[in-house]
Protein chains: 2
Amino acid sequence: MYLEQINSPADLKKLTLEQMNVLSGEIRQVLLNELSQYGGHVGPNLGMVEATIAMHYVFNSPIDKLVFDVSHQTYVHKLLTGRREGYINHTVTGFSNPGESPHDFFTLGHTSTAVSLSCGLAKARDLKNEKNNIVTIVGDGSLSGGEAFEGLDNAAVLGSNMIIVVNDNEMSIAENHGGLYGNLKALRDSNGTCECNFFKAFGFDYLYVGEGNDVAALIAAFEQVKDTTHPVVVHIHTQKGKGYEPAIKDEEDFHYSMPFDLETGKSKIDFSAMEDYSDLTGAYLLEKMKVNPTLIGVSSGTPMVIGFHPEQRKKAGKQFVDVGIAEEHAVAFSSGFAKGGGRPVYGVYSTFIQRSYDQLAQDLCINNNPAVMLVFMSGVYGMSDVTHLGFFDIPLISNIPNMVYLAPTCKEEYFAMLEWAIAQTSHPVSIRVPSNGVITTGKVYDKDYSTLNQYQITQQGNSVAIIALGTFYQLGESVAKLYKEKTNVTATLINPRYISGIDELMLESLKKEHDVVITLEDGVLDGGFGEKIARYYGDSDMRVFNYGLKKEFVDRFNVEQLMEANRLTDAQIVEDVLKA
Amino acid sequence: MYLEQINSPADLKKLTLEQMNVLSGEIRQVLLNELSQYGGHVGPNLGMVEATIAMHYVFNSPIDKLVFDVSHQTYVHKLLTGRREGYINHTVTGFSNPGESPHDFFTLGHTSTAVSLSCGLAKARDLKNEKNNIVTIVGDGSLSGGEAFEGLDNAAVLGSNMIIVVNDNEMSIAENHGGLYGNLKALRDSNGTCECNFFKAFGFDYLYVGEGNDVAALIAAFEQVKDTTHPVVVHIHTQKGKGYEPAIKDEEDFHYSMPFDLETGKSKIDFSAMEDYSDLTGAYLLEKMKVNPTLIGVSSGTPMVIGFHPEQRKKAGKQFVDVGIAEEHAVAFSSGFAKGGGRPVYGVYSTFIQRSYDQLAQDLCINNNPAVMLVFMSGVYGMSDVTHLGFFDIPLISNIPNMVYLAPTCKEEYFAMLEWAIAQTSHPVSIRVPSNGVITTGKVYDKDYSTLNQYQITQQGNSVAIIALGTFYQLGESVAKLYKEKTNVTATLINPRYISGIDELMLESLKKEHDVVITLEDGVLDGGFGEKIARYYGDSDMRVFNYGLKKEFVDRFNVEQLMEANRLTDAQIVEDVLKA
């Protein structure tokens, strides 16, 4: 195997073209072997095998700097830069990581950022009078994000070496959306010659490579632009999932896949029997759409998060809008749609709602339009890559005036809240969709949440009151139970329901028969929910213990370990309270 | 005067072309009369007189919906939609406002949002099977913002009526920056005919109006696109400051101007004798740049905020980068530049840093690159329009891991912190530049802030400790003084210096001789600084009083009244503490 001889890009440069073609096949085998067993980003990496080889053949990494947007397509880059063993043993991360290798420059995982980051590298290079190539690799899907546009707009006027490789595989995570993609198609169809050219409009030099999975063609193109003295776009047309039929046939499911059977491409995990909030939400919204023609589902490039797979999208027709990877637009669009009298429901991952703080504040909340935001995969039960943490949405969303942020504790309560949120027209409402599995209680929940910030006592007790928010409500139950076992005292258990405000009446009334209040929240403590309770009781005798996550970036954590490190097990909490 | 006869657009429609030309002159006189006396956005409104008349002549507002981006150019629109008296009496705001008139649809003041908001209106119209024109007015300067791109990208594929008027006056607040502007120039130079067309690349129909200050030409163009069934861009070339020589000569200063002498255009306020942090910062950075060739100033379309007026920009040369209105890029670019070994200092208004939360978190803080952010005009002493509040940067910035957010209390301390921030390479550092005037103490301040979260006792006392953050430090002094007068007890006064963390050692040591801790912060309490102190003391006997602003949107407030409403006067605070 040639791959086994490659411990750095220098080894790659010794290969002939023919050998590199063989190497492509070897790499594809290694990728498929690993991906089918352990899961990961399948399509993006299979499509980039040849281009990554060609870049490392032509450029001189790490003197020349390769910056991958999102960096979910860096598996091949890792295999070629001394991390072959690490990739196979899973000791390297799934994204670029400067801690792993001098060939990586940033830890990144959100889309559309790489051109801007590269502009910074290029500017520093120029002021230091150094000479090297800054090569940014960005997918067509990422181009719909505003930050990518801002980056391109500025990269074009840098006035020095800046090579932007646009990896056009005609797909985002799902299909692309936006007028820009019409131009990419026109460019592909004309072999890069059509006069109206998005990239040339900025002033970039432009080169088109129709055969984006052909090592020779790619090497020729990269050699042509190497050491250029001005900004250039190399538009390469690749095939997502290249070399693996199931991934080509079903590009959306194979963008990121859990373990699958290599022969058939079928998932090794049977999801059909599992309930999940995404699919439940999609089914619920589809039913609602039938009776309400102005109800729409909105997504920013991740329609599956809100349960709109291709089948549901087809059924929803005009009542589902995927704006592409464009979270800012999604929020502002939803606000405008609500202002126009429609009912928008925007579904988004916690980590990506971060991309629209100003739109939440300005476009939505100042205008107080009744759009509904569903925030998925938040807290410790969400995603665990450092770039995809869902720990920060509580400080982000709940401190914006006018926003009502709700935290359901189970399936019944979630749908009761969603039903209310869609029906009401008084507030922008966000709902923190539980990420700790679909818990069904069989109980009946309030249908009306219009009296804001009314917490609910679910177990009346004394001495200790546990205010257990959203996904940590079950932890609250368990703390109450253990406390009873240890002390024979029944603690009061409270479901606060509202993240964005406090129930002053209830907090005041707790003073009568309680000395201790415990708050539990599934997110960072700083700027979060519990601190508001601590502030309320600041001038009183009440002892307040805030439980949640420490403000820190953690990567690929184990949930149980993280909970324990933050003293978030029932045993630890009861121990703390008994000590005090 | 024709203007006096216009109480709604219906009255305008009765005028002949000749009369409308006279009306243009009348409106310009009214604008100049008001603006010279009271200040406001001069250039943008003078340039839009004819276009606003023509739009109201052709379209049927409010059935047809005019949505103005930023909406700082809506004075003429207000004059023509029943708010003539309100404009002259200053009872209407300087931005569009649905509370004022059915001709306004959104309260907005940040750039680049209107296309997205309009897409929402258009989608709601289509699903409701209504017929009307959605007309978005967006300036060339606003196009550099990512949200505008996301909006255009989606507007182009809406598939129904959507008219986007691009008001190209060849200026942003300062000059434009970005490759896009080369294409706008090519379009102007070719009278809209050049093949490579940024807007056509998205799939828009496109119409160019070279005479953007000619009512007849504008009416003809708008009539041509009225009731179109697909998305169209009308690119109009206007003159910023049209009709007033001083505003044409100095477009940057007349973008927004304080009161000026109508004859000479000279400001009625003599700024030369006043120190301000923007100019002090610019002068300081220029000196530093001389000895450090990799130190750069960065701005996102507001170079004056960091003291880089045209003269300073010329002096700085390659060491000053204005990226245009592109806050996301500015942060990511700064992170990349720091990673490349340079020292970037990005100056930005508090209200606009909101546009880059995800870039602060992902591009900057996860990577822990040592970029320096200077946050201007924060808190109650900043801007007072509801769309420009500087109350939210503490929850926004200080809860991101790895970020060091500093709050200087005076000029000497600010420059000590800035000096350290630029020299160090361990952390991303933000500094909340004081907005309460340049206060000089003559004292010496620490030069080293590398031991994080070390608060400083500036007056040792007992019983009561006042932790007074940044611009509220002087309020803390005043509270301590008054408390001494009332009780003869010397309170401890603390300058916390660090917003983003607490000094646990000091807080613990306060327990010995203090019963009460007061925190003072110039921003919303929710998610802010004081709540962290309240959390720390939650399980102790310490009484904590958090003072700051209520979480709410306020508009055009009076500082003293807002302070009093939030119980932020020294007398109110001492009263509260004595009561407790």
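For clarity, every value in this text was computed on a predicted model and none was experimentally measured. (Residues numbered from 1 in each chain as written. Chains lettered and ligands numbered in written order. Predicted model: local features only at pLDDT ≥ 70, side-chain atom pairs only at ≥ 80, totals over all residues.)

## So, the overall build of chain A
Then, in step 1: Along the backbone of chain A there are 24 helices and 16 strands.
Then, in step 2: Computed over its C-alpha atoms, the radius of gyration of chain A comes to 26 Å, within 12% of the 25 Å expected for a compact globule of 580 residues.
Then, in step 3: Principal-axis analysis of the C-alpha atoms gives chain A an extent of 80 × 55 × 50 Å.
Then, in step 4: Looking at chain A residue by residue over its 580 residues, the buried ones come to 60%. (Helix = DSSP H or I, 4+ residues; strand = E, 2+ residues; numbered from the N terminus. Rg over C-alpha atoms; globule rule 2.2 N^0.38 Å. Buried ≥ 20, exposed ≤ 12 C-beta atoms within 10 Å, placed from the backbone.)

## Focus: the domain arrangement of chain A
How big an interface is tends to be stated in terms of the accessible area lost upon association of its parts.
Then, in step 1: The domain boundaries assigned to chain A delineate domain 1 (3-241), domain 2 (277-432) and domain 3 (456-579).
Then, in step 2: Computed over C-alpha atoms, the centres of domain 1 of chain A and domain 3 of chain A are 47 Å apart. (Domains from an automatic or database assignment.)

## Describing the interface of chain B and chain A
Then, in step 1: Across the boundary between the two partners, chain B contributes 97 residues, which contact 97 residues of chain A.
Then, in step 2: A class-by-class count of the residues in the side of chain B that touches chain A yields 38 nonpolar, 37 polar and 22 charged. (Contact = placed C-beta atoms within 7 Å. Nonpolar A, V, L, I, M, F, W, Y, C, P; charged D, E, K, R; others polar.)

## Re the sheet that holds strand β13 (residues 463-468) of chain B
Residues and elements named next belong to chain B.
Then, in step 1: Pairing is mixed in the open sheet, where 5 strands are placed in the order β12-β14-β13-β15-β16. Strand pairing shows two members of the sheet lacking a second neighbour, β12 (456-459) and β16 (543-549), which therefore form its edges. Between one strand axis and the next, the sheet turns through 25° on average, direction left out of account.
Then, in step 2: Where β13 lies against strand β15 (residues 514-524), 6 bridges are found, and the strand directions are parallel. (Pairing = 2+ DSSP bridges. Axes fitted to C-alpha atoms, helices over the stretch in contact; angles between N-to-C directions.)

## Observations regarding the relation of the copies chain B and chain A
Then, in step 1: Taken as rigid bodies, chain B and chain A are interconverted by a rotation of 180° and an axial shift of 0.0 Å, the fit giving an RMSD of 0.0 Å. Taken together, the rotation and translation describe the operation of a two-fold axis.
Then, in step 2: Same-surface contact between copies: 100% of interface residues of chain B are shared with the interface of chain A. (Least-squares fit on C-alpha atoms with pLDDT ≥ 70 in both.)

## Comments concerning the environment of B:Arg556
Residue and element names in this part refer to chain B.
Then, in step 1: Note on placement: arginine 556 falls in the loop between β16 and α23 (559-565).
Then, in step 2: The class for arginine 556 is exposed, based on 11 C-beta atoms found within 10 Å.
Then, in step 3: Separated by 462 residues in sequence, arginine 556 and glycine 94 have C-alpha atoms that sit 9.7 Å apart.
Then, in step 4: Sequence-distant contacts of arginine 556, defined by excluding residues within four places in its chain, comprise Thr93, Ser384 and Asp385.

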